Amino acid sequence: MALRPVQVNIKALDGPAVGWFWAEALGWDAYSPGVTTYVGPAGGLVWPEPVGVGIDVVPVPEAKTATKNRVHLDLATTSAAHQTELVARLKARGATPVDVGQGEVPWVVLADPEGNEFCVLEPREVYRDTGPIAAVVVDCADPQAMARFWGTATDWTLHEVTDDQAALRSAEGVGPYLEFLRTPDVKSVPDRVHLDLLPYPGDDRAAEVARLRALGATDLDLGQGDVPWTCLSDPEGHEFCVLSAP
């Protein structure tokens, strides 16, 4: 039994506009199959995305607070020129530079039009085949414990683990990494960005949710009501959802 990360969920006041921004950022298309705006590779809506993870932008009435998100995306680039071009293009489409205390670093920290932070990385060999999303990055207190939970929750392979960071990736070696970085701050507001997980065909969502609870996940009531997914928190309080199979 295992779950597959299938999409990054981003809350937004203006879902279509934020979806359009992320489609531009990733070189993908934005689709509107219903209330949400889904961002995935060009060529038509395919869900779940068979190789990497998509982005699902969900409209909400609350704006982002000034608090830095504890989950963000790192975008991959293929050359210094590509990094420069992508940063300039995203600024022209509403991204703004952000200082999160990064100092002098070779990557660029930006925020989307609603303030969600992300990084445009310098070229790195480790991300050469991830696609446009290099990594989904989670701030945490204990990367090793988070890697244990998420590695057992999913079937992703552990690639690196130290006291300060840990990285997982699909067992097939495709798509982005899931990375955990030790940070001194603590979670204080609901996550604006979170992961959605999906059972594999033939697996039972209720059984998977029970398995996650046994691993340390807790139930989460966000006022979602009667919906075909289950909202949970990981051992450090990061929200995530277990979806129903299509």
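An account of the accompanying structure is given in this report. (Residues numbered from 1 in each chain as written. Predicted model: local features only at pLDDT ≥ 70, side-chain atom pairs only at ≥ 80, totals over all residues. Heavy atoms only, no water.)

Digging into the nonpolar core
Consideration 1: Membership of the largest hydrophobic core comes to 48 residues, with the highest contact counts inside it found for Trp22, Ile55, Leu75, Leu90 and Trp150.
Consideration 2: Among the elements that take part in this core, helix H1 (residues 15-26) stands out by supplying 6 residues, more than any other.
Consideration 3: Among residues more than four places away in sequence, those in contact with Trp150 are Leu168, Leu178, Phe180, Leu195, Leu197, Asp234 and Phe240.
Consideration 4: Judged by nonpolar contacts, the second largest core, of 12 residues, contains Val109, Ala111, Ala135 and Tyr177. (Core = buried A, V, L, I, M, F, W, Y, C linked by side-chain atoms within 4.5 Å. Buried < 20%, exposed > 50% of the residue type's maximum accessible area, 1.4 Å probe, protein only. Helix = DSSP H or I, 4+ residues; strand = E, 2+ residues; numbered from the N terminus. Contact = heavy atoms within 4.5 Å.)

A closer look at the packing of aromatic side chains
Consideration 1: On inspection of all chains with the given rule, the structure shows 7 aromatic pairs.
Consideration 2: Considering the side-chain rings of Trp22 and Phe118, the 5.0 Å spacing of their centres and the 65 degrees angle between planes classify their relative orientation as edge-to-face. Placement of Trp22 in helix H1 and of Phe118 in strand E8 (residues 117-120) is noted, with a sequence separation of 96 residues between them. Here Trp22 matches Phe118 in class, with each residue buried.
Consideration 3: Members of the aromatic cluster, each reached through a chain of ring pairs, are Phe21, Trp22 and Phe118. (Phe/Tyr/Trp six-rings, centres within 6.5 Å; stacked < 30°, edge-to-face > 60°.)

Remarks on the pairing of E8
Consideration 1: Side chains Glu117 and Cys119 of E8 all project onto a buried face; the interleaved residues Phe118 and Val120 project onto the opposite face, where all are buried too.
Consideration 2: Bridge count between strand E5 (residues 71-75) and E8: 3 bridges; the pairing is parallel. Within E8, the position partnered with Leu73 by the bridge is Phe118.
Consideration 3: As defined by bridge partners, strand E7 (residues 108-111) adjoins E8 across 4 bridges and the pair is classed as antiparallel. Directly across from Val108, in E8, lies its bridge partner Val120.
Consideration 4: In this antiparallel pair of consecutive strands, E7 and E8, the connection spans 5 residues, and Gly115 shows a positive phi of 95 degrees. (Pairing = 2+ DSSP bridges.)

Side note on the pattern of salt bridges
Consideration 1: Scanning the model with the defined rule gives 13 salt bridges in all.
Consideration 2: Between Glu117 and Lys64 there is a salt bridge; the shortest N-O distance is 3.3 Å. With Glu117 in strand E8 and Lys64 in the loop between strand E4 (54-59) and E5, this pair connects stretches of sequence that are 53 residues apart.
Consideration 3: Judged by relative accessible area, Lys64 falls into the buried class, the value being 17%.
Consideration 4: Notably, a salt bridge pairs Lys187 with Glu239, separated by 3.2 Å at the nearest N-O pair. Here Lys187, found in the loop between strand E12 (177-182) and strand E13 (193-199), pairs with Glu239, found in strand E16 (residues 239-242); they are 52 residues apart in sequence, far enough to count as distant.
Consideration 5: We classify Lys187 as partly exposed; its relative accessible area is 25%. (Salt bridge = Lys/Arg side-chain N within 4 Å of Asp/Glu carboxyl O.)

Thoughts on the sheet that holds E16
Consideration 1: Within the open sheet, the 8 strands sit side by side as E2-E3-E4-E1-E13-E16-E15-E14. Their pairing is mixed. On the outer flanks of this sheet lie strand E2 (29-31) and strand E14 (218-219), each paired with one strand and no other.
Consideration 2: The sheet contacts of H1 involve strand E1 (3-12), E2, strand E3 (37-40) and E4, and relative to E3 the element is tilted by about 5 degrees. (Axes fitted to C-alpha atoms, helices over the stretch in contact; angles between N-to-C directions.)

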